[in-house]
Amino acid sequence: MRVDVISIFPEYFAPLDVSLIGKARERGILDVHLHQLRDWARDVHRTVDDTPYGGGPGMVMKPEPWGEAIDAVLAADPAAQPRIIVPTPSGVPFTQKLAMEYAAEPWLLFTPARYEGIDSRVMAEYGARMRVDEVSVGDYVLAGGEVAVLVMVEAVGRLLPGVLGNAHSAVDDSFAPGAMENLLEGPVYTKPPEWRGHEVPEILLSGHHGKIARWRRDEALRRTARNRLELLAALDPETLDKHDRKL
Ligand code: SAM
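Residues numbered from 1 in each chain as written. Predicted model: local features only at pLDDT ≥ 70, side-chain atom pairs only at ≥ 80, totals over all residues.

- In the annotation of an unreviewed UniProt entry, the protein chain is listed under the name tRNA (guanine-N(1)-)-methyltransferase and assigned to Streptosporangium minutum.
- Listed in UniProt under the heading Sequence similarities (unreviewed entry), the comment for the protein chain reads: "Belongs to the RNA methyltransferase TrmD family."
- Note on the protein chain: under the UniProt heading Catalytic activity (unreviewed entry), the record states "guanosine(37) in tRNA + S-adenosyl-L-methionine = N(1)-methylguanosine(37) in tRNA + S-adenosyl-L-homocysteine + H(+)". (UniProt positions renumbered as here; feature names shortened; annotations may be inferred.)

The following block contains the structure:
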């Protein structure tokens, strides 16, 4: 997968050299290209923002540098089109489902903003020609979109074939489609069996796979009910029962 990121802080993306994603890049599974937005500014100060029309506090990112920067990235492969992802708190929520959808794309272009965001005409311009998603990583406001891009690239990157050591671990994850849809994973344990007086639940030491699977599902249901009741409420009862009957 090719990933392009245009930002005024390309240095923010140093973590993409590390761990799973760093290894995926080394192995050519993920091909990341970082671009400095200011390279497309026209004045000596390399200005990329201006005051908002209609007044109000803060600055808005100018359309011209964004347009030229995006055009330059698109020119890298005129035969293909990336899916453009614009991080913004006013976008649709980024979910595991969306991460899976992005993991199936050959090319993603992220446009993290600063200030009050990007002049809306940029999204209108490219939205008329290709898929442009305005996406939020949560109901809070970050200072800039770089961290949001790191979140999305990591969530998408670990789903690419060959990135996770054990591909099965993504299947058991919280939110994974199938049995874990809309569910949070329950507690996990490793050795030793007793630590500071806390014992590993006995069932996990029993070697009884069927009972362990049932226990894990009950814990997932319990944790979801406790922490995210709305996820359980949104589940079709039939689907929930179907997965429960299997255990
Ligand atoms: N005025 C904007 C609003 O209230 O919607 C917030 C702008 S925020 C200070 C600057 C930039 O950070 C945004 O344009 C976006 O790129 C990024 N950002 C902030 N919060 C985000 C979130 N929850 N999800 C995705 N991107 C976010």
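So much for the structure itself; the text now carries on.
### Topic: the sheet that holds strand β1 (residues 2–7)
And then number 1: If you walk across this open sheet you meet the 5 strands as β2-β1-β6-β5-β7, and the pairing is parallel. Because the sheet does not close on itself, it has two edges, and the strands there are β2 (31–36) and β7 (132–136). Each neighbouring strand pair of the sheet contributes to a mean axis angle of 30 degrees, computed without reference to strand direction.
And then number 2: Relative to β2, β1 runs parallel, the two being bridged by 6 bridges. What sits directly across from Ile6, in β2, is His35.
And then number 3: Helix-sheet contacts for helix α2 (residues 63–74) involve β1, β2 and β6 (107–110), and the interaxial angle to β1 is about 160 degrees. (Pairing = 2+ DSSP bridges. Helix = DSSP H or I, 4+ residues; strand = E, 2+ residues; numbered from the N terminus. Axes fitted to C-alpha atoms, helices over the stretch in contact; angles between N-to-C directions. Contact = placed C-beta atoms within 7 Å.)

### Considerations on the pairing of strand β5 (residues 83–93)
Strand residues, when the strand is regular, have side chains that alternate between the two faces of the sheet.
And then number 1: Taken together, the 3 bridges between β5 and β6 define a ladder with parallel strand orientation. Paired with Ile84 across the two strands is Leu109, which belongs to β6.
And then number 2: As paired elements, β5 and β7 share 6 bridges and run parallel to each other. Its bridge partner lying in β7, Val92 is registered against Val135.

### With respect to the site of the ligand
And then number 1: In the vicinity of the ligand, 19 residues are found, and the nearest of them are Pro87, Ala113, Gly117, Gly145 and Ala148.
And then number 2: Here the shell around the ligand gets 4 residues from one element, more than from any other, and that element is β5.
And then number 3: Looking at the shell around the ligand residue by residue, the class counts come to 10 nonpolar, 7 polar and 2 charged. (Near = placed C-beta within 6 Å. Nonpolar A, V, L, I, M, F, W, Y, C, P; charged D, E, K, R; others polar.)

### Some remarks on the packing of helix α1 (residues 19–26) against helix α5 (residues 146–157)
And then number 1: One way to put it is that α1 packs onto α5 with a least axis distance of 10 Å and a crossing angle of 65 degrees. Compared by their axis directions, α1 and α5 come out roughly perpendicular. Of the two elements, α1 crosses α5, and the hand of that crossing is left-handed. Facing Leu20, Ile21 and Ala24 of α1, the residues of α5 in contact are Val153, Glu154 and Gly157.
And then number 2: Here the residues of the contact of α1 with α5 are counted per class, giving 4 nonpolar, 1 polar and 1 charged. (Parallel < 35°, antiparallel > 145°, perpendicular 65-115°, else oblique. Left-handed = near helix turned anticlockwise from the far one by under 90°.)

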